[in-house]
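# Residue-level structure breakdown
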Amino acid sequence: MSGNTSSYIFSSIFVLIAHIGMLLNVYFNGNYDSLTQVIILSGAVIILDIAYFLAMLFFRQNTFTVDFLLILILNMSVIFQSCFGEVVFDYKHYITCIVALAACRGGYLLCRNHKWLGEKRKFFYIGILILMVVIVTLTGSRGMWISLGSITIQPSEFIKPLFILACATSITEQQKKHKILCFHIVYENIALFGLTAAICLLQWWCRDLGSLPTFVGIYVCGFLLRICYPKAKFSKKKLIGAGAALLAVAIVGMRFAPAYVQDRLHVDIWADKNGNGYQQSQALIAIANGGWFGKGPGHGELHNVFAHKNDIVFATICEEWGLLYALMMVLAILILIALPLINPPRSYFHGTMSAGISAAFTVQMALNIFGSCNLIPFTGVTIPFISTGGSSLMISGFMAGMLVACQSPVMRSPHLNEQPKQRRIYPQRRNAV
């Protein structure tokens, strides 16, 4: 294992203390009939902590910061999800978190080598198109879910990492301009724009406009970083035109949005507390009742409202644990996605990839929190790592592994017979504007 041993031990102790503090809160203030549930929950959380700390010793990385933050947040979510309404260990969410940790390792191993990923660029497009066909043909009548008995899968979640990789691997194509008439065009940019438009149309067709801002955020973030790429030379006129086009599309989209979206845009939640404003009004009441320190784990009432574990989970946490705990959770997620952006040892590709992941997580979290607080229309988007959901949590774990790869990248060629001094495809970040 590379890195400072004392820092590794200190970080492990910090995570354990944080979880033990939460478990003590459950013990002294929780709503439970049997102490057995508290013991099971405590044992499961601490065992997973220690097991993950030991497993990390077998991986060579430049830093383990994201890993420690990930296990901190995931076991926080296990404690939260096991206390809504009453303290009962949520073993399904616990298993899903373990799957997310395994997916994190997969994302780390697959995304470390930018040259290998660059060679597989076409497969990202093919994978996205296959998933889109699967959604249209197998999810039922304009839906987003595939039901396999007691298991449901959301294929659109698997599009996110592929779309991020498609944006990141397009960076090197910015210097390959082709003159058509009087315009200098990069074919990869046209392909990405068309792919983004197709994804947006798919989200509209499936009546899942809540997830659409996430994909737009990823695309816009990748677009801005392509502008900063050396010798990309995007003119101000093109930027102004792109911004105006995006604004026009947004206005037209809101104007001709489906009826259920129009209802959410114009609903008065207090005048329609039993209709379209039910979830948001109950969420606001729960946040107010929770105050800074909450009513106590398991003592809330929001667990009686639909989607309290995913779509309005922020409000549920605020009610039982308090706004202070909820803000600490948000801060931990923001730190997790921000650290890879400032860590120096990575290529321009890894910087672009980490920025796309950060955009996706930030937009998702903002939509959930602002929707719960009635600052924007309710979208039903989950908070990464906190909300329940197998597909969402597993992909969030995989994308966290991509962040780990950004901090511990492989900068050599994937081929053993290549010359060691071969010119890098992606320049170091310091060359970027």
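For the structure, check the block above.
The sections below set out a description of the structure shown in this document. Along each chain, the written sequence defines residue order, and numbers are assigned to residues from 1. It should be noted that, the model being predicted, local features are given only for residues of pLDDT at least 70 and side-chain atom pairs only at 80 or more, the latter also being counted only at that level, while totals for whole chains, interfaces and linings use all residues. Excluding hydrogens and water, the side-chain figures rest on all heavy atoms present in the structure.

With that out of the way, let us pick up the state of the cysteines. In this description, the term disulfide denotes a pair of cysteine sulfurs within 2.5 Å. Evaluation of the coordinates by the stated rule reveals zero disulfides. Take Cys318: it sits in no disulfide, and the sulfur closest to it among the cysteines is that of Cys373, at 6.7 Å.

By secondary structure assignment, the location of Ser12 is in helix 1 (residues 5-29). Contacts are assigned to residue pairs with any non-hydrogen atoms lying within 4.5 Å of each other. When near neighbours in sequence (up to four residues on either side) are disregarded, Ser12 contacts Phe53 and Phe68. In this description a helix means any DSSP run of H or I spanning at least four residues, a strand means any run of E spanning at least two, and both kinds are numbered starting from the N terminus.

Each salt bridge in this description consists of a side-chain nitrogen of Lys or Arg and a carboxyl oxygen of Asp or Glu lying within 4 Å of one another. Applying the stated criterion to the full structure yields four salt bridges. Where Lys309 meets Asp90, a salt bridge forms, and the shortest distance between an N and an O atom there is 3.1 Å. Of the two residues, Lys309 sits in the loop between helix 12 (278-290) and helix 13 (313-321) while Asp90 sits in the loop between helix 3 (65-81) and helix 4 (91-110), which places them 219 residues apart along the sequence. Linking Lys160 and Glu157 is a salt bridge whose minimum nitrogen-to-oxygen distance equals 3.2 Å. Highlighted residues: Lys160 and Glu157, both in helix 7 (residues 155-169), separated by three residues, approximately one helical turn.

Our next topic: unusual backbone geometry. With a phi close to 65°, Ala307 is a non-glycine residue in the positive phi region. Note that Ala307 resides in the loop between helix 12 and helix 13. The phi angle at Phe385 is positive, at roughly 75°, despite the residue not being glycine.

Now for a nonpolar patch on the surface. Taken together, Ile20, Leu24, Tyr27, Phe28, Leu35 and Ile39 make up a surface patch of nonpolar side chains, about 600 Å² in accessible area. The dominant element in the nonpolar patch, judged by the number of residues it contributes, is helix 1, at four residues. Inspection of the secondary structure assignment puts Phe28 in helix 1. Each patch is assembled from residues with relative accessible area greater than 30% and no salt bridge, linking like charges that lie within 9 Å and nonpolar side chains (Val, Leu, Ile, Met, Phe, Trp, Tyr) that lie within 5 Å. Reported accessibility uses the Shrake-Rupley method at a 1.4 Å probe radius. Residues are deemed covered only where the shown protein chains occlude them.

Let us look at the environment of Phe80. Examined against the element boundaries, Phe80 turns out to sit in helix 3. Remark: the alpha-carbon pair of Phe80 and Thr316, spanning 236 residues in sequence, is separated by 9.0 Å. Other than its neighbours up to four places away in sequence, Phe80 contacts Met22, Ile317, Trp321 and Met329.

With that settled, the discussion passes to the packing of aromatic side chains. The way to describe two aromatic rings as a pair is by their centre distance and the angle between their planes. Stacked, edge-to-face and tilted are the three classes for Phe, Tyr and Trp ring pairs, Trp counted by its six-membered ring, which pair at centre distances within 6.5 Å; planes under 30 degrees apart are stacked, over 60 edge-to-face, the rest tilted. The tally for this structure, following the rule as stated, stands at 12 aromatic pairs. Measuring from centroid to centroid gives 6.4 Å for Tyr219 and Phe223, while their planes differ by 20°, and the two rings are stacked. Here Tyr219 pairs with Phe223, and both are found in helix 9 (residues 212-228), just four residues apart, close to one helical turn. There is no split in this pair, since Tyr219 and Phe223 are both buried. A connected cluster of aromatic rings, assembled from ring pairs, spans Tyr8, Phe53, Phe64 and Phe68. Its end group placed over the ring of Phe59, Arg105 keeps NZ or CZ at 4.5 Å from the ring centre. Note on classification: 1.4 Å probe, protein chains only; a residue is buried when its accessible area is under 20% of the maximum for its type, exposed when over 50%, partly exposed between these limits. Placement of a charge over a ring requires the Lys NZ or Arg CZ to be within 6 Å of the ring centre, with the centre-to-atom vector within 35 degrees of the ring normal.

Here the focus is helix 7. Helix span is expected to be 1.5 Å times the residue number reduced by one. With 15 residues, helix 7 ought to run about 21 Å at 1.5 Å a step, and its terminal C-alpha atoms sit 22 Å apart, in line with that. The buried fraction of helix 7 is high, at 13 of 15 residues.

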